[in-house]
Amino acid sequence: MRGLGRTFLPVAIAIAIAASPGIARADSLAPTGQWSAYTSGNAPLPPMGWNSWNAFGSDIDEAKVMGSAEAIVRFGLAAKGYRYIDLDDGWWLKRRLPDGRIIIRTANFPSAATADGSTSFRPFTDRLHAMGLKAGIYSDIGRNSCAQLYSTTGLNQPEGTLLEREVGLFDNVDRDIQLYFAEWGFDLIKVDACGIRGLTPDSDWVSSGKFRALGPWVDSESMGRTDIPKVRGLYDAVRRSLEKHNPDNDFVFSLCLWGAANVRAWGKDMGNMSRTSDDIAPTWGRMLHSFDSSVRRPLYAHPGSWNDPDMLFIGAGDFDANHLVEARSHLSLWAMINAPLMIGYDLREAPKSLIDIFGNAAIIALNQDPAGNQAVMAFDSNDIQILVKTLADGDKAVAIFNRTAAPLKATLTAEHLKYLVDANVSLTDLWTGETIGFRDEREFDLGSRETLIFRAKGTRRLANGLYLSEMPGNVNPAEDGVVVPEAEPMIYRPIFWAGTHGIGEPPRYGGWGGAQADATPYGLRLAVAGRFYETGIGVLANSRIEVRNAGFDRFDAMVGVDDSARDRGHAVTFLVYGDGKLLARSQPMRFGQAPVAFTARVAGVKLIEIVARSTGIRGPGFPVVWGNAALTK
Ligand code: GLA
């Protein structure tokens, strides 16, 4: 399909309609004229910083945290953007009763001691702020935290009576958020979910009297055992409280639901960053698992609401100073998918080789690119993956990733970059600084687990605009048509917590069938009646996608039912709205019908909504195509 560009087939012409059809408000496919992904809080770029968990677990104290903060400044990493210093699990002592105030473990955080015993992190956050840094804290959406349930050592766990040990946010959201933000001056909160996960009435924790039962409302391995609206409501209450207690908007809400409760569909509506998987560990397989959980979700990440495949583990295990190839791959991949860059390493004695990796300014610049476009997969396999990210200045970034332990060859083509095949492409290697050129395609040798990462310049195939798949930061599947959340089978399955006990690792995390850039919702080539589109948006019917328009005049796409649709009986109508008003509508289209050229004039329109509407569809299996979807001048 090389060089196809924006070819319109003269099959039928979409009908332009001036008036709105007056769809009922309760209809989630009705246009709103509003961008609905989360933009409050302080995360227009992926947050960067340091978090205590991967470095120290719950064995934390002020000297370790401040030492790491000082090191981040001393090594020049703060100046490069790493500015959040986040306390993870292990900082609290108890909830004081009867007033419910959370008390800090002053044995570990001496500066938090106050004359009246109330304790305060204000001196701690003041110090960080005076260093030009930001401060982050940790809590749980339930009554108890993860380490309270799962710590094998019990180190630094809350003390006192059963009620005093209930340090999580449940029933205390507003009190605690007021304390952490308004009184103590924190700038970020990570909210975990173990407290609503394991505390069944018959669990050992509850039957032994250690903790009270709560829920459970979430089960990472079972959507059926998860109460999605309940979980969503609990997190939304935290969002409201954060907005209330941060009138300056200087907060980051970090959701830590590990991809459970179908959070990959709704985290973007209320959180600044949202974990897409269970915990990373310093092994290659666990890194792959985390990466895979975010990499097929570029349309679900935007400025203000990022996918979070978990913190960096550079410095430990498979990513330590003896594995610099793996460490570089880890950072390169996280940069390409706009992951928050949270160092999880004891920086106080860090070797220069690791500081140089964390501090690669060219790679940080990709992650922090203001356009906020998560990379899209241009080539996918279990061996090699090629990721391409469109940057604000019109350049592209490309990463070629060897997932395997064996050396491999890979061919990068101009088509992967959506560049003209007969024009020069130049590539600057972001680890070596070397620039090379090619036309059409070029072969590369990759070492074991190596990632080549380049900044690319070429001649864009679509000279006067952008394909929607080149601007995922401005494309939001407000309704992605997923009726029943399905687990995602494409994610690498390493050995997890239970070792090889039990039957093994099932596919996890809802999100399968969500909207995709340059692929169908199930990862196939976009195709309508035998015509393939190597660019476009693939989404299920009964979807509404919001597109922010940065000054373009025309929206064009080739629309139709995807050839992988299993439902042959129903029709789908494609509609385009501009700032809430209907601009164009297709005839109802069925499986097998040739694609229709679809055009809408969008000059002056701020928000475009593209809707694929069908009646009678119940359940998965009805993918539609916005082929070659593009905005142009
Ligand atoms: C969970 C989270 C981790 C970490 C620990 C702390 O496992 O996913 O990132 O915060 O809890 O107990």
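Now for a look at the structure at hand. (Residues numbered from 1 in each chain as written. Predicted model: local features only at pLDDT ≥ 70, side-chain atom pairs only at ≥ 80, totals over all residues. Heavy atoms only, no water.)

### Remarks on the overall build of the protein chain
Across its full length, the protein chain holds 12 helices and 34 strands. Rg of the C-alpha trace for the protein chain: 25 Å, near the compact-globule value of 26 Å for 633 residues, within the 12% margin. If one aligns the C-alpha atoms of the protein chain with their principal axes, the spans along those axes are about 80 × 55 × 50 Å. When the 633 residues of the protein chain are sorted by exposure, 60% land in the buried category. With an accessible surface of roughly 22500 Å², the protein chain has 52% of that area assigned to carbon and sulfur atoms. (Helix = DSSP H or I, 4+ residues; strand = E, 2+ residues; numbered from the N terminus. Rg over C-alpha atoms; globule rule 2.2 N^0.38 Å. Buried < 20%, exposed > 50% of the residue type's maximum accessible area, 1.4 Å probe, protein only. Areas by Shrake-Rupley, 256 points an atom, 1.4 Å probe, with all protein chains shown as cover.)

### Quick look at empty space enclosed by the protein
One pass over the full model with this rule turns up four cavities of 30 Å³ or more. By volume, the largest cavity is sized at about 90 Å³. Contributing to the lining of the largest cavity are 13 residues, with Lys190, Ser254, Met273, Asp308 and Met311 lying nearest its centre. Those elements that place two or more of their residues in the lining of the largest cavity are strand S7 (188-192), strand S8 (252-255) and strand S9 (273-275). Across the lining of the largest cavity, the residue classes tally to six nonpolar, two polar and five charged. In this structure, the second largest cavity spans a volume of roughly 70 Å³. The class makeup of the residues in the lining of the second largest cavity is four nonpolar, six polar and two charged. (1 Å grid on protein atoms, 1.4 Å probe; cavity = no way out; pocket = protein on both sides within 12 Å on 5 of 7 lines; lining within 4 Å. Points joined across faces, edges and corners; volume = space filled by probe spheres on them. Nonpolar A, V, L, I, M, F, W, Y, C, P; charged D, E, K, R; others polar.)

### With respect to the packing of helix H5 (residues 173-183) against helix H7 (residues 228-245)
At a minimum axis distance of 9 Å, the contact between H5 and H7 shows a crossing angle of 40 degrees. In this view, H5 runs oblique relative to H7, as classed from their interaxial angle. In this structure, the crossing between H5 and H7 has a hand that is right-handed. The segment H5 lies against H7, with Val173, Asp174, Ile177, Gln178, Phe181 and Ala182 engaging Ala237, Val238, Ser241, Leu242, Lys244 and His245. Residues of the contact of H5 with H7, tallied by class, amount to seven nonpolar, three polar and two charged. (Axes fitted to C-alpha atoms, helices over the stretch in contact; angles between N-to-C directions. Parallel < 35°, antiparallel > 145°, perpendicular 65-115°, else oblique. Left-handed = near helix turned anticlockwise from the far one by under 90°. Contact = heavy atoms within 4.5 Å.)

### Side note on the site of the ligand
The environment of the ligand is formed by 13 residues, the closest being Asp88, Asp89, Lys190, Asp192 and Asp279. Backbone polar atom of Ala147 to an oxygen atom of the ligand: 3.4 Å apart, as the coordinates give it. In the environment of the ligand, an oxygen atom lies 3.2 Å from a nitrogen or oxygen atom belonging to the side chain of Arg275. Most atoms of the ligand, that is more than half of them, are within 2 Å of grid points of the largest pocket. Every element with two or more residues in the shell around the ligand is listed here: helix H4 (146-150) and S7. Of the residues in the shell around the ligand, the class split is seven nonpolar, no polar and six charged. (Near = heavy atom within 4 Å. Polar contact = N/O pair within 3.5 Å; in protein donor to acceptor, adjacent residues only side chain to side chain. Sits in = over half its atoms within 2 Å of the grid points.)

### What about the side chain of Arg264?
As for its position among the elements, Arg264 is in helix H8 (residues 263-266). Engagement of the side chain of Arg264 in a polar contact is seen with the backbone oxygen of Ser293, the distance being 2.7 Å. Only 3.3 Å separates the side chain of Arg264 from the backbone oxygen of Tyr509, close enough to count as a polar contact. Ignoring any residue separated from it by four or fewer positions in sequence, one finds Arg264 in contact with Thr276, Ser293, Arg297, Tyr300, Glu488, Ile491, Tyr509, Gly510 and Gly511.

### Regarding the sheet that holds strand S11 (residues 341-343)
Pairing in this open sheet of eight strands is parallel, and the strands run S10-S9-S8-S7-S6-S3-S2-S11 from one edge to the other. The sheet terminates laterally at strand S10 (306-308) and S11, the two strands that pair on one side only. Adjacent strand axes in the sheet meet at a mean angle of 25 degrees when their direction is disregarded. Both strand S6 (residues 134-140) and S7 contribute to a ladder of five bridges, which runs parallel. What sits directly across from Asp140, in S7, is Asp192. Along the sheet, H7 contacts S7 and S8; its crossing angle with S8, the most-contacted strand, is approximately 170 degrees. (Pairing = 2+ DSSP bridges.)

### Structural notes on the pairing of S7
Counted residue by residue, S7 has five buried out of five residues, so it is predominantly covered. Along S7, one buried face is formed by Leu188, Lys190 and Asp192 and the opposite face, lined by Ile189 and Val191, is buried too.

### Describing the nonpolar core
Residues Trp91, Phe121, Tyr180, Tyr235 and Leu347 are the most contacted members of the largest nonpolar core, which totals 104 residues. Residues Leu468, Ala517, Phe574 and Ala629 belong to the second largest nonpolar core, which totals 39 residues. (Core = buried A, V, L, I, M, F, W, Y, C linked by side-chain atoms within 4.5 Å.)

### Points about the sheet that holds strand S17 (residues 435-438)
On the basis of which strands lie adjacent, the open sheet formed by six strands has the order S12-S13-S14-S19-S16-S17 and antiparallel pairing. Here the strands that pair on one side only, and so sit at the sheet edges, are strand S12 (376-379) and S17. Ignoring strand direction, the axes of neighbouring strands in this sheet form an average angle of 30 degrees. Of the strand pairs in this sheet, strand S13 (residues 384-390) and strand S14 (residues 396-402) are connected by seven bridges, and their pairing is antiparallel. When the bridges of S14 are listed, Gln385 appears paired with Phe401. Docked against the sheet, helix H9 (residues 284-295) engages S12, S13 and S14, running at close to 140 degrees with respect to S14.

### Points about the state of the cysteines
Under the definition given, this model contains one disulfide. At a sulfur-sulfur separation of 2.0 Å, the disulfide partner of Cys146 is Cys194. Residues Cys146 and Cys194 are joined by a disulfide whose S-S torsion is about 90 degrees; by sign, that bridge is right-handed. Separated by 48 residues along the polypeptide, Cys146 in helix H4 and Cys194 in the loop between S7 and helix H6 (204-207) bring together distant segments of the chain. Note on Cys146: relative accessible area 13%, which makes it buried. (Disulfide = S-S within 2.5 Å.)

### Some points on the packing of H9 against helix H10 (residues 324-336)
Relative orientation of the contacting elements H9 and H10 amounts to 10 degrees, with a least axis distance of 11 Å. As summarised for this structure, H9 and H10 are arranged roughly parallel, according to the angle between their axes. On H10, the residues touching Trp284, Met287, Ser290 and Phe291 of H9 are Glu326, Ser329, His330, Leu333 and Trp334.

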